[in-house]
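Listed below are the residues making up each chain.
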Amino acid sequence: MKTQNSSIVYVFVTLVFLSTQMNLGYKKIVVKVGSNVITQANGLPDEARIKHLTDQLAAIKAKGIEVILVSSGAVASGRSLIKVSEKQDAVTTRQLLAAIGQVKLINTYANFFEKHSIKCAQVLVTKEDFRDRAHYLNMKNCLQILLQNEVIPVVNENDVVSVTELMFTDNDELAGLIASMLNADALLILSNVNGIYNGDPKLETSEIIQEINGNTANLASFISTGKSQFGRGGMITKTSMAQKVAKLGITVHIANGTKDNILTELLEGKLIHTTFVPEKIKSGKKKWIAHSETTAKGIVQLNNGAKEVLTSGKATSLLPIGIIAIKADFLKGDIIKIVDEKNNLIGLGIAEYSSDKAKERIGQKNQKALVHYDYFYSTI
């Protein structure tokens, strides 16, 4: 009888253990938390929500999943500490609030994670940090050593120095870059909506699109263009970034971060939300190229025949015979934009030689590829 009871207890414990495993099987995730999730209606930080999120992240980490947190909220934290004169211009106000608020934000996370005996680290970045391959790899190495030492990186844009053209579109873009850089299995974007709807979310007839793949038509036609109350980005920028990241082989989830137990329920497959289905995993270098549009140096224009071949999905390099014009100069090793006859972007790549040599070879057969297939990323 004792043996039978022991077997029953063993089976029960085993079932409980298995049921608590994260069903989606991810080993590394990036979680992006928007301002609208951790900010109250009065513009001040929602510390109860931050604590609840850190509790979930700690539970996820305890199951052996590596966690990288990309968190907005520095400006809101600064707003809780200092009153700014209305005469102050918007840019300097943002710099002031971010500089003060970043300290409070990271301390808030550190205090909540400490209760779980977890260390976190502040990583502040700008768009310039992604400008070249060496810089990119230095940042990647930093994040990897933090993860190897069981530290949760808390990444945010450095709003103190990131102004105007130096800014990311929003932290969704930053989160996509980090997920691609670290070869994450999934990116979880937490906003204040339940997912992507097939119409106005305020209408009862609208439903959540639970799965989006690369063949889905342009989603902008039925996505609200409004921005969140405290953040810079809207749902259109989220979906655009999500589709790019999914195309690189990383699953993207968009869910409502203001709901309790949102992360654990999502990872256990119990949550109705929007998932962007990943395509075939791309190489690390292609992931870097995919996010390099703003730092591209040159522009190469192709004829329609070359466009069709290059974007067919087959292993095809960019040959001079398909080039009709060099629209902007570049050097060997530069990231270049590749456009069609109507100047629409069709891809990005690393130049094998300079624009001077490319101009000499325009339309010629039997010439060395300007962009090798391994270093070409199709944007369509």
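Going by the structure above, here's the rest.
Residues numbered from 1 in each chain as written. Predicted model: local features only at pLDDT ≥ 70, side-chain atom pairs only at ≥ 80, totals over all residues. Heavy atoms only, no water.

A few words now on helix 6 (residues 133-148). The terminal C-alpha atoms of helix 6 lie 22 Å apart, and with 16 residues this matches the ideal 22 Å at 1.5 Å per residue to within 8%. Looking one or two residues past helix 6, Glu150 carries a phi angle of roughly 65 degrees, positive in sign. (Helix = DSSP H or I, 4+ residues; strand = E, 2+ residues; numbered from the N terminus. Expected span 1.5 Å × (residues − 1).)

The next subject is the sheet that holds strand 6 (residues 211-212). Taken in spatial order, the eight strands make up an open sheet running 3-4-2-1-5-7-8-6, and their pairing is mixed. Across the chains shown, the open sheet's two edge strands, defined by having one partner strand only, are strand 3 (119-125) and strand 6. Where strand 1 (residues 28-33) and strand 5 (residues 186-191) come together, five bridges link them in parallel fashion. Opposite Ile29, over in strand 5, you have Ala186 as the bridge partner. This element, helix 3 (residues 47-62), spans strand 1, strand 2 (66-71), strand 4 (151-157) and strand 5 of the sheet and lies at about 155 degrees to strand 2. (Pairing = 2+ DSSP bridges. Contact = heavy atoms within 4.5 Å. Axes fitted to C-alpha atoms, helices over the stretch in contact; angles between N-to-C directions.)

For the rest of this paragraph, the subject is the sheet that holds strand 9 (residues 298-302). Strand order in the open sheet formed by five strands is 10-9-11-12-13, with mixed pairing between adjacent strands. Single-partner strands in this sheet number two, and they are strand 10 (323-328) and strand 13 (376-378). This sheet shows a mean twist of 25 degrees between the axes of neighbouring strands, independent of strand direction.

Time to look at a nonpolar patch on the surface. On the surface, Leu81, Ile82 and Leu96 cluster together to form a nonpolar patch covering roughly 220 Å² of accessible area. Following the sequence through the fold, Leu96 ends up in helix 5 (residues 90-114). (Patch = residues over 30% accessible without salt bridge, like charges linked within 9 Å, V, L, I, M, F, W, Y side chains within 5 Å. Areas by Shrake-Rupley, 256 points an atom, 1.4 Å probe, with all protein chains shown as cover. Salt bridge = Lys/Arg side-chain N within 4 Å of Asp/Glu carboxyl O.)

The tally for this structure, following the rule as stated, stands at 11 salt bridges. Asp172 is the salt-bridge partner of Lys32, the closest N and O atoms lying 3.1 Å from each other. On the criterion of sequence distance, the pair formed by Lys32 in strand 1 and Asp172 in helix 7 (residues 171-181) is long-range, its members being 140 residues apart. Classification of Lys32 as buried rests on a relative accessible area of 5%. Lys270 is the salt-bridge partner of Glu268, the closest N and O atoms lying 3.2 Å from each other. A relative accessible area of 17% means that Glu268 is categorised as buried. (Buried < 20%, exposed > 50% of the residue type's maximum accessible area, 1.4 Å probe, protein only.)

The values are spatial; any link to function lies outside them.
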